[in-house]
Amino acid sequence: MKMKTEDADQATKQDVMDELIPIGISAAIPTDIEGLRSIADGGSFLPSIPLRQFAEVVPTWQYGQICHRNGLRAVTVIAEVARGQNEGIVTKKIMKRLADFQLPEGMQMEYGGQYEADNETGPQIAGALIMSIMIIFFVLLWHFKSVSEALLIMICLTLCVFGMAVGGILVRNGVILFDYAAEVKELEKLSLKDAIHVAAERRMRPIFLTSAAASMGVVPMILGGSALWVPMGAVICYGTLITMFFILTVMPIAYWKVMGKSE
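This structure is a prediction, so every number in the text was calculated from the model and none was measured.

Criteria and cut-off values
- Residues numbered from 1 in each chain as written.
- Predicted model: local features only at pLDDT ≥ 70, side-chain atom pairs only at ≥ 80, totals over all residues.
- Heavy atoms only, no water.
- Helix = DSSP H or I, 4+ residues; strand = E, 2+ residues; numbered from the N terminus.
- Buried < 20%, exposed > 50% of the residue type's maximum accessible area, 1.4 Å probe, protein only.
- Contact = heavy atoms within 4.5 Å.
- Areas by Shrake-Rupley, 256 points an atom, 1.4 Å probe, with all protein chains shown as cover.
- Phe/Tyr/Trp six-rings, centres within 6.5 Å; stacked < 30°, edge-to-face > 60°.
- Lys NZ or Arg CZ within 6 Å of the ring centre and 35° of its normal.
- Core = buried A, V, L, I, M, F, W, Y, C linked by side-chain atoms within 4.5 Å.
- Salt bridge = Lys/Arg side-chain N within 4 Å of Asp/Glu carboxyl O.

### With respect to the overall build of the protein
Phase 1: Secondary structure assignment for the protein yields eleven helices and two strands.
Phase 2: For the protein, the α and β elements follow one another from N to C terminus as α-α-β-β-α-α-α-α-α-α-α-α-α.
Phase 3: Going through the 263 residues of the protein one by one, you find that 21% of them count as buried.
Phase 4: Intrachain contacts of the protein at a sequence separation of at least 6 include 45% that bridge at least 24 residues.
Phase 5: Within the structure as shown, the protein displays about 20,100 Å² of accessible surface, and the carbon and sulfur contribution to it stands at 63%.

See the structure below:
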């Protein structure tokens with residue numbers, strides 16, 4: 001009878017050892033590894049045993065979230081550029097440094113953000129720009145009734161590159177200049193060279209005033225400090241002033257050379 005009782009006690013102890021013992025932590029979870037290893041608050045009914053005595057705390061990298069894009073698992077790396085830096089320039093530098101980076105088999109790297117948005121909208125902007133240039137050419141052709149004059153103004157649009165100004169300002173002032181030269185040539189019976197010289201001299205003041213007004217009108221945009229309006233205002237302000245110089249110097253000479261050959 002005694003032997004049976006001892007066997008029963010041994011069986012009971014083995015059952016207790018095989019059972020899971022609940023461990024509770026009621027203290028605030030520390031943020032550092034050493035603090036986590038030393039945590040030992042088991043509450044009111046459980047013994048306070050440091051976590052390092054029965055567990056191994058090792059920091060490891062794990063996925064915080066598994067994301068998919070177009071049905072494929074994707075990991076996104078996001079960064080903000082420093083204040084005053086251009087996103088396009090920074091992206092090109094990153095792409096240059098990662099050009100020789102070897103990814104594991106089955107993985108590929110793509111660039112998103114502003115770079116992806118620019119690639120999506122670039123073809124649409126280019127198509128709209130080509131269409132607008134064609135419309136401007138046909139309007140000029142209808143107005144001047146001359147392919148040479150229309151092509152001359154369209155070629156002079158390349159002068160906008162130096163000032164990065166809006167092409168419409170150059171076209172408008174060019175039309176005013178060439179129209180007045182043709183009018184002066186017919187009314188005052190002048191040669192082509194003298195007519196364009198007189199036209200440039202007389203139209204210098206109105207062209208300067210309109211260009212200066214357009215430039216000064218966007219100064220508040222530049223002084224505002226907005227990331228959207230400052231670049232646009234700077235392009236219009238400085239570009240218009242630089243383009244005004246070309247309108248009064250390059251375009252009269254080009255008109256004299258091109259139209260003189262046609263005469």
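### Some words on the packing of aromatic side chains
Phase 1: Applying the stated criterion across every chain, the model contains four aromatic pairs.
Phase 2: Residues Tyr-111 and Tyr-115 carry aromatic rings whose centres are separated by 6.2 Å and whose planes lie at 75 degrees to one another, so their mutual orientation is edge-to-face.
Phase 3: The class for Tyr-115 is partly exposed, based on a relative accessible area of 32%.
Phase 4: The ring of Trp-142 has Lys-145 sitting right over it, with the charged end atom 5.2 Å from the ring centre.
Phase 5: Arg-203 extends its terminal NZ or CZ atom over the ring of Tyr-180, reaching a point 5.4 Å from the ring centre.

### Some details on the nonpolar core
Phase 1: Counting 29 residues, the largest nonpolar core has Leu-140, Ile-153, Leu-170, Leu-177, Phe-178, Met-251 and Tyr-255 as the members making the most contacts within it.
Phase 2: Mapped by element, the contributors of at least two residues to this core are helix H4 (113-144), helix H5 (147-156), helix H7 (167-187), helix H8 (192-202) and helix H11 (229-262).
Phase 3: In terms of residues, this core owes the most to one element, H11, which gives seven residues.
Phase 4: Look past the residues within four positions of Met-251 in its chain and what remains in contact with it is Cys-156, Leu-159, Leu-170, Gly-174, Leu-177, Phe-178 and Phe-246.

### Topic: the pattern of salt bridges
Phase 1: Under the criterion given, the structure shown has one salt bridge.
Phase 2: Of the charged contacts in the structure, one is a salt bridge between Arg-202 and Glu-188, with a shortest N-O distance of 3.1 Å. With a gap of 14 residues between them, Arg-202 in helix H8 and Glu-188 in the loop between H7 and H8 connect regions that are remote in the sequence.
Phase 3: Residue Glu-188 is classed as partly exposed on the basis of its relative accessible area of 36%.

### With respect to the environment of Ala-79
Phase 1: Mapping Ala-79 onto the fold places it in the loop between strand E2 (72-74) and helix H3 (87-97).
Phase 2: For Ala-79, a relative accessible area of 68% corresponds to the exposed category.
Phase 3: In this structure, the C-alpha to C-alpha distance between Ala-79 and Gly-113, residues 34 residues apart in sequence, is 9.9 Å.

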